[in-house]
Amino acid sequence: MTRVWKWNRPVTVREVLEDLQQERSIAYTTVMTVLDNLHQKGWVRREAEGRAYRYEAVSTRAAYAAALMNDAWSQSDNPAAALVAFFGMMSDEQRQALQDAVRIVQGPDSRERREEREGREAPQEENPGSVADTRGR
């Protein structure tokens, strides 16, 4: 999968084989079997091209990693403790990336949007002289 994700385009068994052979000796049939197994598992799709297939990733590497983390987390009998343990294993850079990701997912107005979806009005800041105070409260 690393090679398929790296190229981010449909690849043939031959292309993957030639790339892998730069690092180690590997048989064509081994690469073909692995790509076929990935296809059967639904990780890649393939399209016939002459007598060969072109294989393409079904999802991104990031989506795959997220699915693995979600699966592992959902199997925990104490999800909060699992998250605490996981966060404890993170480097400072990983924790910063997590904080950045949370900010992206929440967005700048996430609290207001969530309350609107739940049918409540977001509480206004109590600030004398603000526009909120001129609405007749």
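What this report covers is the structure whose coordinates are included nearby. All values derive from a computational prediction rather than experimental measurement.

Take the pattern of salt bridges next. All told, the structure shown has 10 salt bridges when counted by the stated rule. A salt bridge links Arg 3 to Asp 19; the shortest N-O distance between them is 2.6 Å. Taken together, the residues span a long stretch of sequence, with Arg 3 in helix α1 (residues 2–7) and Asp 19 in helix α2 (residues 13–20) at a distance of 16 residues. Asp 19 carries the same exposure label as Arg 3, and that label is buried. Notably, a salt bridge pairs Arg 46 with Asp 36, separated by 2.9 Å at the nearest N-O pair. Placement of the pair is Arg 46 in strand β1 (residues 44–49) and Asp 36 in helix α3 (residues 28–40), with a sequence separation of 10 residues. What makes Arg 46 partly exposed here is its relative accessible area of 28%.

Now for the layout of surface pockets. There is about 480 Å³ of room inside the largest pocket. Forming the walls of the largest pocket are 18 residues, and the residues nearest its centre are Met 69, Leu 83, Phe 86, Phe 87 and Leu 98. Only α4 (61–74), α5 (79–89) and α6 (92–106) provide two or more residues apiece to the lining of the largest pocket. For the lining of the largest pocket, the per-class residue count stands at 16 nonpolar, 2 polar and no charged.

A negative phi angle is the norm for most residues apart from glycine, just as the trans form is the norm for most peptide bonds. Not every positive phi belongs to a glycine, and Asn 8 is a case in point at roughly 55 degrees. Within the fold, Asn 8 resides in the loop between α1 and α2.

Next up on the list: the nonpolar core. If you look at the biggest cluster of nonpolar residues, it comprises 14 residues, and the most contacted ones within it are Val 16, Val 31 and Leu 35. Of all elements in the fold, only α1, α2, α3 and β2 (52–57) reach the threshold of two or more residues within this core. Of all the elements, α2 adds the most residues to this core, at 4 residues. Leave out the neighbours within four places in its chain, and Val 16 touches Arg 3, Trp 7, Val 11, Val 31 and Leu 35.

Before going further, it helps to spend a moment on α2. Every buried residue belonging to α2 is among Val 13, Val 16, Leu 17, Asp 19 and Leu 20, and all of these are buried. Viewed end-on, α2 has its buried residues packed into an arc of 165 degrees, placing them on one side of the element. If you follow the buried residues of α2, they end up packed against α1, α3 and β2.

The next thing to look at is α6. Spanning 15 residues, α6 covers 21 Å between terminal C-alpha atoms, matching the ideal 21 Å at 1.5 Å per step. Remark: Gly 107 follows α6 within two positions and exhibits a positive phi of approximately 70 degrees.

Judged by side-chain polarity, Met 69, Phe 86, Phe 87 and Met 89 come together as a nonpolar surface patch covering roughly 410 Å² of accessible area. Examining the composition of the nonpolar patch, we find that 3 residues originate from one element, α5, more than from any other. Looking at where Met 69 falls in the secondary structure, it is placed in helix α4. On the basis of relative accessibility, which here comes to 46%, the residue Met 69 falls in the partly exposed class.

Here is what the cut-offs are and how they apply
Residues numbered from 1 in each chain as written. Predicted model: local features only at pLDDT ≥ 70, side-chain atom pairs only at ≥ 80, totals over all residues. Heavy atoms only, no water. Salt bridge = Lys/Arg side-chain N within 4 Å of Asp/Glu carboxyl O. Helix = DSSP H or I, 4+ residues; strand = E, 2+ residues; numbered from the N terminus. Buried < 20%, exposed > 50% of the residue type's maximum accessible area, 1.4 Å probe, protein only. 1 Å grid on protein atoms, 1.4 Å probe; cavity = no way out; pocket = protein on both sides within 12 Å on 5 of 7 lines; lining within 4 Å. Points joined across faces, edges and corners; volume = space filled by probe spheres on them. Nonpolar A, V, L, I, M, F, W, Y, C, P; charged D, E, K, R; others polar. Core = buried A, V, L, I, M, F, W, Y, C linked by side-chain atoms within 4.5 Å. Contact = heavy atoms within 4.5 Å. Arc of directions from axis to C-beta. Expected span 1.5 Å × (residues − 1). Patch = residues over 30% accessible without salt bridge, like charges linked within 9 Å, V, L, I, M, F, W, Y side chains within 5 Å. Areas by Shrake-Rupley, 256 points an atom, 1.4 Å probe, with all protein chains shown as cover.

Without other data, these values stay purely geometric and don't point to any function.
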